[in-house]
Amino acid sequence: MLLTAAVARGVADGSVDLAFRRWGRPRIRPGSSFIALTHVIEVTSLERVDPAQISTEDARRAGYENADAIRATLCVNTDNPTYRIGLRCIGEDPRIALRADDDLSDDAVAEIRSRLDRMDTRSEHGPWTRDTLAIIARRPGVVSTELAVELGRDRAGFKNDVTKLKKLGLTESLEVGYELSPRGVEFLRRDVT
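Given the structure is predicted, the values throughout are model-derived calculations rather than measurements. (Residues numbered from 1 in each chain as written. Predicted model: local features only at pLDDT ≥ 70, side-chain atom pairs only at ≥ 80, totals over all residues. Heavy atoms only, no water.)

### Concerning the sheet that holds strand β4 (residues 82–92)
Across the sheet, which stays open at both edges, the four strands sit in the order β1-β4-β3-β2 with antiparallel pairing between neighbours. In this open sheet, the two strands that pair with only one neighbour each are β1 (18–22) and β2 (33–36). The sheet shows a mean angle of 40 degrees between the axes of neighbouring strands, direction not considered. The pairing of β1 with β4 spans five bridges and is antiparallel. The partner of Ala 19 across the bridge, within β4, is Ile 85. Of the strands in this sheet, β2, β3 (39–49) and β4 touch helix α1 (residues 5–13), which is tilted by about 60 degrees from β4. (Pairing = 2+ DSSP bridges. Helix = DSSP H or I, 4+ residues; strand = E, 2+ residues; numbered from the N terminus. Axes fitted to C-alpha atoms, helices over the stretch in contact; angles between N-to-C directions. Contact = heavy atoms within 4.5 Å.)

Right under this line is the structure:
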């Protein structure tokens, strides 16, 4: 589930605990979690609601000034039902600590290497992990569209693959583009394939 940066910060600091979405069918369920900015957010509740019944209090709890502001965001897909989603922050994104950990044992390097090799083997477009790490190392802060073109990839597929590397703590997103994390820099230095 996507949250604006302001709403994600609000959930993290406890000032926001609701969101409203129009969906053909729910895309999340209570008890599930997702990462927004630098925190893990848990879905605490999910209920179908009438947008006309959204209160000013609900709007404030969702990070908006009033109910009309919420309803304005719900003006698309008006045939879809509206859901009221309870949210709470359950901790920091574990990838933050992981990407800062560059004290890699030989076993850790071997494990990362093995995981990357499996990703390469399963890929429909051939090996991509080392090329992606290398281009991010060489061109930090460059928009994903340019990096994808340089690798002969479509932007959506490239971004999806970078997310896989991010989950391993090897890359991090910048305002524009990406950079290798300290873990990624150390792994690339020691990766001998």
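Once the structure has been displayed, the description carries forward.
### Focus: the pattern of salt bridges
What the rule picks out here adds up to 19 salt bridges. A salt bridge links Arg 84 to Glu 47, with the shortest nitrogen-to-oxygen separation between them at 3.4 Å. Of this pair, Arg 84 sits in strand β4 while Glu 47 sits in strand β3, and the two are 37 residues apart along the sequence. Under the relative-accessibility criterion, Arg 84 is labelled buried at 15%. On the accessibility criterion, Glu 47 (39% relative accessible area) is partly exposed. The salt bridge involving Glu 172 is made with Arg 99; its shortest N-O contact spans 3.5 Å. Linking Glu 172 in strand β5 (residues 171–173) with Arg 99 in helix α4 (residues 94–100), this pair joins segments that are 73 residues apart in sequence. Pair check on accessibility: Glu 172 and Arg 99 agree, each one buried. (Salt bridge = Lys/Arg side-chain N within 4 Å of Asp/Glu carboxyl O. Buried < 20%, exposed > 50% of the residue type's maximum accessible area, 1.4 Å probe, protein only.)

Keep in mind these values describe shape, not function.
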